[in-house]
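Architecture at a glance
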Amino acid sequence: MGEHCVKRAYKYRFYPTVEQAERLLRTFGCVRKVYNLALEARSRAWTEQGLRVSYGQTSAMLTEWKRTEELSYLAEVSSVPLQQALRHLQSAFVSFFAKRSAYPRFKSRKRSRAAAEYTRSAFTWRNGELTLAKMTGALDIRWSRPPPEGADPSTVTVSRDAAGRWFVALVVEVRQMQKPRVGGPAVGIDLGLNSLVTFSTGEKVSAPGFEKRERTRLARAQKELARKEKGSRNKAKAREKVARIHATITDRRRDFLHKLSTRIVQENQLVAIEDLAVRNLMGNRNLARAISDVSWSELRVMLEYKCAWYGREVVVVDRFFPSSKTCSACGLIRGPLPLGVRAWTCEGCGAQHDRDHNAAQNILAAGQAVSACGGRVSPQRKSSGQAAGDEAGSLMVRAVRVPAPEGQEDVKRRTPGTRWTSRPGSTRGRAAHG
């Protein structure tokens, strides 16, 4: 057992006074304004002069903006959230130039997240009470769970969602216990719509369908919203009612995914999951609503950072790896397998497979191969199913259970988690789970 320090965010709901709410709403507006002004300045400099504007230059621009009569209201709020907005813009440009994300977009008052980030110099944390800069009185925080003992927040983020709820997130450095990465249970996970996850052990967890439960109430609220007069207070109330229903769905789904991901990480040392192109799958108009409700991407993110916390290993298998149509018993890759086919029989060995369970077993085998040998898992490109040339003995070959060429079999150096017979080269001599 070992310890290491990790930064964790503890999010709580709070109820501001009228004065605090007014000050925070003004701060949100100033943060949005500064971000948009800096983005416009950087875009214009590049378009007209071919120049790149740095964070330091935008920080100097902020000082000049405060001195103008038109933007003098920027000085009425804390300067730290404004500087943090410039830093976030700089990070967005760094990701864009590294081709990790799209070009930064302007923040909208209606669609963008209303939030402000405060660093140590802009808040006071004393005896469990939080007071923000240029604000009277501590925030009325509802401590749904106690913060870590001796917590000393490094940053504080205040936000307000579309349902009108206020939240504060405290980033705290805590000591996390880790288990050594040697041996231990391993699990492969296949993601689906009816069964949210299918484990390689055969266990299935049904999709809770939180959005489906609230679909009637949500449709009724949306119809009421559509009938309200544009710009009226009744329309604003109806919009908030729709937002509250969406918030309820989101909270229930996130709570379910947190409990599921925590259980998976605590019970297993190695977690193997598949890499799904969720954005592309959302283009299917028949499945987009169901895919959005199960939230595969959020589950994957939770598994990744929780595995990092607790010293577990997570392996993401290539999205083109034929996990569903590869026999986990003999390694034969069958032809096309439509989504409607939930069970099939292998033509090579006669094994009967549940589609999801078979895929989970193959994902586990591929994950164990990557964990043991390194590299990545790719699909077998050879139609004959035989490895040749540079592919012989490669990780890709072991991951998809293709037998090695004649003369290169080595039973002793098999991939962990595989099963071989005493006759290398026979049909049953292929890896059963490797």
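Up top is the structure.
Described in the following lines is the structure provided in the data block.

**A short note on the overall build of the chain**
- A tally of regular secondary structure across the chain gives 11 helices and 14 strands.
- Looking at the chain as a whole, 42% of its 434 residues qualify as buried.
- Sequence separation of at least 24 residues holds for 68% of the intrachain contacts in the chain that already meet a minimum separation of 6.

**Focus on empty space enclosed by the protein**
- One pass over the structure, following the stated rule, counts 1 cavity of 30 Å³ or more.
- Put simply, the largest cavity is a space of about 30 Å³.
- Lining the largest cavity, in full, are Ile189, Leu191, Ile273, Leu299, Arg300 and Leu303.
- Of all elements in the fold, only strand E8 (186-191) and helix H9 (296-310) reach the threshold of two or more residues within the lining of the largest cavity.
- Broken down by element, the residue count for the lining of the largest cavity peaks at 3 residues, all from H9.
- Of the residues that constitute the lining of the largest cavity, the class distribution is 5 nonpolar, no polar and 1 charged.

**Considering the pairing of strand E3 (residues 123-126)**
- As judged from the 4 bridges shared by E3 and strand E4 (residues 129-132), these two strands associate in the antiparallel manner. Following the sheet pairing, tryptophan 125 is matched in E4 by leucine 130.
- The loop that links E3 with its antiparallel partner E4 comprises 2 residues; one of these, asparagine 127, has a positive phi angle of about 55°.

**Considering the environment of glutamate 224**
- Within the fold, glutamate 224 resides in helix H5 (residues 215-227).
- Glutamate 224 gets classed as partly exposed once you look at its relative accessible area, which sits at 26%.

**What about the pattern of salt bridges?**
- Under the defined criterion, the tally for this structure stands at 25 salt bridges.
- Residue arginine 217 is joined to glutamate 214 by a salt bridge in which the shortest nitrogen-to-oxygen separation is 2.9 Å.
- Between arginine 319 and aspartate 275 there is a salt bridge whose closest N-O contact spans 3.4 Å. Here arginine 319, found in the loop between strand E12 (313-317) and strand E13 (343-345), pairs with aspartate 275, found in the loop between strand E11 (270-274) and helix H7 (278-281); they are 44 residues apart in sequence, far enough to count as distant.
- Bridged by salt links that share partners, the residues Asp161, Arg165, Asp251, Arg254 and Glu298 form one connected network.

**Examining the packing of helix H1 (residues 18-49) against helix H3 (residues 79-97)**
- Taken N-terminus to C-terminus, the directions of H1 and H3 make an angle of 40°; their axes are 9 Å apart at the nearest point. Taken together, the axis directions place H1 and H3 in an arrangement best described as oblique. Helix-helix and strand crossings are classified by hand; for H1 and H3 the assignment is right-handed. In this structure, H1 contributes Thr27, Cys30, Val31, Val34, Tyr35, Ala38, Leu39 and Arg42 to the contact, and H3 contributes Pro81, Leu82, Ala85, Leu86, His88, Leu89, Gln90, Ala92 and Phe93.
- Counted by class, the contact of H1 with H3 contains 13 nonpolar, 3 polar and 1 charged residues.

**Description of the packing of aromatic side chains**
- Under the criterion given, the structure shown has 11 aromatic pairs.
- Among the aromatic residues, ring-to-ring pairing joins Phe93, Phe96, Phe97 and Tyr103 into one connected group.
- Its guanidinium or amino end placed over the ring of tryptophan 309, arginine 8 lies 3.9 Å from that ring's centre, counting from NZ or CZ.
- Over the ring of tyrosine 35 we find lysine 107; its NZ or CZ atom is 4.6 Å from the centre of that ring.

**As for the state of the cysteines**
- Throughout the structure, instances matching the rule amount to 0 disulfides.
- A disulfide-free cysteine, cysteine 327 has its sulfur positioned 3.6 Å from the sulfur of cysteine 346, the nearest such atom.
- Given a relative accessible area of 0%, cysteine 327 falls into the buried group.
- Distance from the sulfur of cysteine 349, which forms no disulfide, to the nearest cysteine sulfur (cysteine 327) is 3.7 Å.
- Residue cysteine 349 is classed as partly exposed on the basis of its relative accessible area of 39%.

**A look at a positive patch on the surface**
- Taken together, the side chains of Arg105, Arg109, Lys110, Arg111, Lys230 and Arg239 make up a positively charged region of the molecular surface.
- Within the secondary structure, arginine 109 sits in the loop between H3 and strand E2 (114-119).
- Residue arginine 109 is classed as exposed on the basis of its relative accessible area of 63%.

**Notes on the nonpolar core**
- Grouped together as the largest cluster of nonpolar side chains are 43 residues, with contacts concentrated most on Leu24, Leu130, Leu132, Val158 and Val168.
- Breaking this core down by element, the ones donating at least two residues are strand E1 (2-14), H1, helix H2 (55-67), H3, E2, E4, strand E6 (155-160) and strand E7 (166-178).
- With near-sequence residues (within four places) excluded, valine 168 lies in contact with Tyr10, Lys11, Tyr12, Phe14, Leu130, Ile141, Val156, Thr157 and Val158.
- Within the second largest apolar cluster, 21 residues are counted, among which are Leu191, Ile264, Val278 and Trp296.

Definitions and limits used
Residues numbered from 1 in each chain as written. Predicted model: local features only at pLDDT ≥ 70, side-chain atom pairs only at ≥ 80, totals over all residues. Heavy atoms only, no water. Helix = DSSP H or I, 4+ residues; strand = E, 2+ residues; numbered from the N terminus. Buried < 20%, exposed > 50% of the residue type's maximum accessible area, 1.4 Å probe, protein only. Contact = heavy atoms within 4.5 Å. 1 Å grid on protein atoms, 1.4 Å probe; cavity = no way out; pocket = protein on both sides within 12 Å on 5 of 7 lines; lining within 4 Å. Points joined across faces, edges and corners; volume = space filled by probe spheres on them. Nonpolar A, V, L, I, M, F, W, Y, C, P; charged D, E, K, R; others polar. Pairing = 2+ DSSP bridges. Salt bridge = Lys/Arg side-chain N within 4 Å of Asp/Glu carboxyl O. Axes fitted to C-alpha atoms, helices over the stretch in contact; angles between N-to-C directions. Parallel < 35°, antiparallel > 145°, perpendicular 65-115°, else oblique. Left-handed = near helix turned anticlockwise from the far one by under 90°. Phe/Tyr/Trp six-rings, centres within 6.5 Å; stacked < 30°, edge-to-face > 60°. Lys NZ or Arg CZ within 6 Å of the ring centre and 35° of its normal. Disulfide = S-S within 2.5 Å. Patch = residues over 30% accessible without salt bridge, like charges linked within 9 Å, V, L, I, M, F, W, Y side chains within 5 Å. Areas by Shrake-Rupley, 256 points an atom, 1.4 Å probe, with all protein chains shown as cover. Lys, Arg positive; Asp, Glu negative; His and termini not counted. Charge placed at Lys NZ, Arg CZ, Asp CG, Glu CD. Core = buried A, V, L, I, M, F, W, Y, C linked by side-chain atoms within 4.5 Å.

These figures come from the coordinates and say nothing about function on their own.
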